[in-house]
Amino acid sequence: MQEDHDHALKAIARPLRLTLLGMWAERLARCFWPLWSVLLLLLSALAFGLQDVLPLEAAWTGLVLAILGALWTLWRGLRAFRRPTRTEALIRLDQRLPGQPIAALTDTQAVGGNDPASLAVWQAHRARMAARAAQARAVEPDLKLARRDPFALRYVALTAFVMALLFGSLWRVASVQALAPGAGNELAAGPAWEGWAQPPAYTGKPSLYMNDIAEGTLDLPIGTRLQFRLYGEVGTLTLAETVSGRTEVPAASETVHDFTLTRSGEVTVSGPGGRTWRLTATPDMAPNVTPSDSAEREGDGQFTMAFEASDDYGVASGQVSIALDLPAVERSYGLTMEPEPREPVVLDLPMPMSGDRAQIAETLVDDLSEHPFANLPVAMTFTVADAAGQEGSAEPVHLVLPAKRFFDPLAAALIEMRRDLLWNRANAPRAAQILKAVTHRPEDLIRNQRAYLRLRVLMRDLDAQKASLSPDARDAMAAELWEIALLVEEGDLASAMERLRRAQDRLDEAMRNGADPSEIEELMQELREALNDYMRELAEEAERNPDSQLSQNMEGMEMSGDQLQQMLDELQRLMEEGRMAEAQELMEMLRQLMENMQVAQGEGQGQGQGGPGQQAMRELQDTLRGQQGLSDDAFRDLQDGQEGNEGQNEGQNQPGQQGQPGQGEGEGEGRSLAQRQQDLRDRLGQLQNGPLPGDGGENGEEGRRQLDRAGRAMEEAEDALREGDLPGALDRQAEAMEALREGMQEFGEAMAENQQQQGDPNAQQGQEFGQADPNGQRDPLGREPGNSARIGSDRNMLQGEDVYRRAQDLLDEIRRRSGEQARPEGERDYLRRLLDMF
């Protein structure tokens, strides 16, 4: 049995030894943690040099208190410490095992020692206990001291010691000997020195304590600040250096030396404890920058240009200067004269917000579309600087400054005139003349009414100031020309059909002008989105009015949205392959297809010709057309130099007093502009006194407020005409037309909403204009009026694959004839009505 016990103890010898060591660590930590906390705090204070800062009395007091605290914690620990024994370790190990097998192996059989069966059971029990004891594992010590140190003072001491190791110097602990009696006199009598080397902050290198640096070679960046302090009797220690290049060198025995490293050389502290260092000045190289040789144009007018820059310690900042490359400019048209002096454009280069700037690769992104240098040859000079103020520049990059491109011919012409004005104010007469030529017959060129009115006002100002155009006025006109060009180029995107037409026009113009692939790709995407919006509007309108003519047309369409997308894919493929002629033919087919599809809102809702709402809307439209014609005549008089004659010749037949659109034939003949303006105001007043769509509703009230505003503007325009103030009259007429349009929009929405809510059965049946007298309502071409006030019926329509081209030719001919001034006014008015219908 003793052999089994000894065998079991041998099996657990290693766990038993580890458990005993853990008990030693546990009891030492519990008894002596205050001692090592005090010692760590004392070492931390000495490493930070606290004894060198405090007065001698305070330093002695602190040192004595620290020693007393260490002795007290040592005594307290020795008193509480009990040396762990092997038996205690064995008991702890046995308590962690199930059934305490180690204790069971030391037991003896009390009864039945002579009974073989009892002996067998006892042996089996001991065998099981021995097997359990063999599975013993070392018991980990309990080193948790939170209950004994609730304020975590041990962690405070440990943290202070780590900080002292990082930022202090253990060599300073030796200076505690200066606190010994008599050591102060020896210190005062003996020499001492201190030195520091502080590299420039931008290098990121740490400061050096020269007392810790042994003699030899030392590499330091140029610009490092060297400071030395010599203590003791003057002359005992001296300093000599050849690294600053100073012309006025202080005496070598001066107690303070402060200089900057500018070149390689030696620094020597001579005297007891002196040293010599051979300093190598590491130069700070100037940064360099390498820009791309080209800039890319984005679709919205922004340009991007990549560049790379590097510096040994990091690039601090950078700029690019963009100057006009005058020798590369094609001196034609408005650019023939010398340009006015203009400072180069200076842009800040983008820099990384964080991270290393030793090697950077960034992209400059900016939009200079409105700058006078836009789309002109320029020289771009990239410059970068480091923290030391050193600069590095690249060779100028010569290119055409990328900017927004305008594909609409009118918008492009406006931008060119803007460029000429910014090039030299002497171009003002030429620009005024060209703008007059552009707007002479605006019917086929200017589709945006707001742009046309704003352009006319600008032309008036330019014509008045062209002889002595000031820089401020020039800049204001350039800004206005930019806004008008954007209005012409981008158009009014509120209408899905208008947006689609605009996208088609811009893409067609881009193909003809050879635009960049990126621009064509963006315009293709714009066309896809516009087509999707238009088809979605068609579908929504047909869903809202299932019994309308539009819904029936949608059901009978032979081309689906997917087929339209296939046409767009084919168009893009042709352009990518460079087959522009075929792409333009396909584009023309798509244009013709779209022009024969209309967003017929309100169809099938019974907007009969005889309804009061429809009648009021037609009369408002006639009033608006009459106001437009009157404004055209006023502007022509202004161009012909008739300003100031209106009030003197009222009642006489002045130029531009012929009949106007929207008036009965001969209505305007023999009447002055002011009288015609009064007639329009009276007509508007009669409409306001009668019933209008949406009366009593929110839209109807807003529409009447807009008509009131139009009436006031007409009255002011009439007063201006009587006083001979044509420019002022034009401004008020433009305001009146804007108010009329907004009022008509409100009335149209109110009328559509009311009819939809009421569910008028006549509206659901889709009654049409002129249905009671089809023979009397034929147009001059002999066609019957079609559904929903559309010109043309569904019968006897052209058939064949050339139908869309013929329809386009007919529309072009109508537009041409409506712009011929020699034709009778009544005929031109009718042609304009036809164009409005389409």
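Every value quoted in this text rests on a predicted model; they were computed, and no experiment measured them.

1. Concerning the overall build of the protein chain
Helix and strand content of the protein chain: 25 helices and 17 strands. Here the protein chain holds 838 residues, and the buried ones make up 41% of them. Taking as baseline every contact in the protein chain between residues at least 6 positions apart, the subset at least 24 positions apart corresponds to 71%. Surface accessibility of the protein chain: about 44600 Å² in total, with carbon and sulfur atoms responsible for 51%.

2. Re the sheet that holds strand S7 (residues 265-270)
An order of S3-S8-S7-S5 is seen for the 4 strands of this open sheet, with the pairing classed as mixed. The sheet terminates laterally at strand S3 (216-221) and strand S5 (238-241), the two strands that pair on one side only. Neighbour-to-neighbour, the strand axes of the sheet open up by a mean angle of 20°, direction not taken into account. The pairing of S7 with strand S8 (residues 276-282) spans 4 bridges and is classified as antiparallel. Paired with valine 267 across the two strands is tryptophan 277, which belongs to S8.

3. What about the packing of aromatic side chains?
Overall, the coordinates contain 9 aromatic pairs when judged by the stated rule. Their ring planes at 70° and their centres at 5.9 Å tell us that tyrosine 202 and tyrosine 313 sit as a pair that is edge-to-face. Of this pair, tyrosine 202 sits in the loop between strand S1 (192-198) and strand S2 (208-209) while tyrosine 313 sits in the loop between strand S11 (303-310) and strand S12 (315-324); the two residues are 111 residues apart in sequence, bridging distant segments of the chain. Summarising the aromatic geometry, the rings of phenylalanine 307 and phenylalanine 382 are spaced 6.0 Å apart at their centres and angled 40° between planes, so their arrangement reads as tilted. With phenylalanine 307 in strand S11 and phenylalanine 382 in strand S15 (residues 377-386), this residue pair connects regions lying 75 residues apart in the sequence. The same class applies to phenylalanine 307 as to phenylalanine 382, namely buried. A cation over a ring is seen here: lysine 404 above phenylalanine 406, with NZ or CZ 5.6 Å from the ring centre. When the ring centre of tyrosine 452 is taken as origin, the NZ or CZ atom of arginine 456, which lies over that ring, is 4.9 Å away.

4. Observations regarding helix H4 (residues 56-80)
Because an α-helix packs 3.6 residues into every turn, residues spaced three or four apart end up facing the same way. Between the first and last C-alpha of H4 there are 36 Å, a value that for 25 residues agrees with the 36 Å anticipated at 1.5 Å per step. Every buried residue belonging to H4 is among Ala59, Leu63, Ala66, Ala70, Thr73 and Gly77, and all of these are buried.

5. Quick notes on the nonpolar core
With 41 residues, the main nonpolar core has Leu414, Leu435, Leu455 and Leu462 as its most contacted residues. For this core, the secondary structure elements donating two or more residues are helix H10 (409-423), helix H11 (428-438), helix H12 (449-465), helix H13 (471-490), helix H19 (612-639), helix H20 (673-689), helix H21 (698-722) and helix H22 (726-758). Broken down by element, this core gets its largest block of residues, 9 residues, from H13. For leucine 455, the contacting residues outside a window of four places in its chain are Leu414, Leu435, Thr439, Ile446, Leu481 and Ile484. Membership of the second largest hydrophobic core comes to 25 residues, among which are Val289, Ala295, Val315 and Ile322.

6. Focus: the sheet that holds S1
In spatial order, the strands read S2-S1-S4-S6; together these 4 strands make up an open sheet with antiparallel pairing. Because the sheet does not close on itself, it has two edges, and the strands there are S2 and strand S6 (256-260).

7. What to know about the confidence of the model for the protein chain
A residue-level look at the protein chain finds 77% of positions with pLDDT of 70 or above and a mean pLDDT of 77. In the model of the protein chain, helix H23 (residues 761-764) stands out as the element of lowest mean pLDDT, 39, in contrast to S15, which has the highest, 95. For the stretch residues 598-610, pLDDT sits under 50, and the model shows 43 contacts to residues farther than four places along the chain or on other chains.

8. Some thoughts on the pattern of salt bridges
Should their charged atoms come close, side chains of opposite charge can pair. A complete count under the given rule lists 30 salt bridges for this structure. With a closest N to O distance of 3.3 Å, glutamate 26 and arginine 30 form a salt bridge. Taken together, the positions of glutamate 26 and arginine 30, both in helix H2 (residues 13-47) and 4 residues apart, correspond to about one turn of that helix. Residue glutamate 26 is classed as buried on the basis of its relative accessible area, which comes to 5%. Under the relative-accessibility criterion, arginine 30 is labelled partly exposed at 22%. A salt bridge links arginine 474 to glutamate 340; the nearest nitrogen and oxygen atoms lie 3.2 Å apart. Of the two residues, arginine 474 sits in helix H13 while glutamate 340 sits in the loop between S12 and strand S13 (345-348), which places them 134 residues apart along the sequence. For the pair arginine 474 and glutamate 340, one class covers both residues: buried. Overlapping salt bridges bring together Arg709, Glu716, Arg732, Glu735 and Glu742 as one network.

9. Overview of the pairing of S12
The sheet contact formed by S12 and S15 spans 9 bridges and is antiparallel. Within S15, the residue paired with alanine 323 across the bridge is alanine 379. In this structure, S12 lies alongside S13, joined through 4 bridges in antiparallel fashion. Looking at S13, one finds that serine 321 is bridged to valine 346.

10. Quick look at the side chain of threonine 224
Mapped onto the fold, threonine 224 is located in the loop between S3 and strand S4 (225-231). On the basis of relative accessible area, threonine 224 is assigned to the buried category, the value being 0%. A polar contact of 2.6 Å, which involves the side chain of threonine 224, links it to the backbone oxygen of proline 221.

11. Examining the packing of H11 against H12
The geometry of H11 relative to H12 is characterised by a closest axis approach of 10 Å and an angle of 145° between their N-to-C directions. In this structure, the crossing between H11 and H12 has a hand that is left-handed. For the pair formed by H11 and H12, the contact residues are Ala428, Ala431, Ala432, Leu435 and Lys436 on the first element and Leu455, Leu458, Met459, Leu462 and Asp463 on the second. Split by residue class, the contact of H11 with H12 holds 8 nonpolar, no polar and 2 charged.

What counts as what
Residues numbered from 1 in each chain as written. Predicted model: local features only at pLDDT ≥ 70, side-chain atom pairs only at ≥ 80, totals over all residues. Heavy atoms only, no water. Helix = DSSP H or I, 4+ residues; strand = E, 2+ residues; numbered from the N terminus. Buried < 20%, exposed > 50% of the residue type's maximum accessible area, 1.4 Å probe, protein only. Contact = heavy atoms within 4.5 Å. Areas by Shrake-Rupley, 256 points an atom, 1.4 Å probe, with all protein chains shown as cover. Pairing = 2+ DSSP bridges. Axes fitted to C-alpha atoms, helices over the stretch in contact; angles between N-to-C directions. Phe/Tyr/Trp six-rings, centres within 6.5 Å; stacked < 30°, edge-to-face > 60°. Lys NZ or Arg CZ within 6 Å of the ring centre and 35° of its normal. Expected span 1.5 Å × (residues − 1). Core = buried A, V, L, I, M, F, W, Y, C linked by side-chain atoms within 4.5 Å. pLDDT = per-residue confidence, 0-100. Salt bridge = Lys/Arg side-chain N within 4 Å of Asp/Glu carboxyl O. Polar contact = N/O pair within 3.5 Å; in protein donor to acceptor, adjacent residues only side chain to side chain. Left-handed = near helix turned anticlockwise from the far one by under 90°. Nonpolar A, V, L, I, M, F, W, Y, C, P; charged D, E, K, R; others polar.

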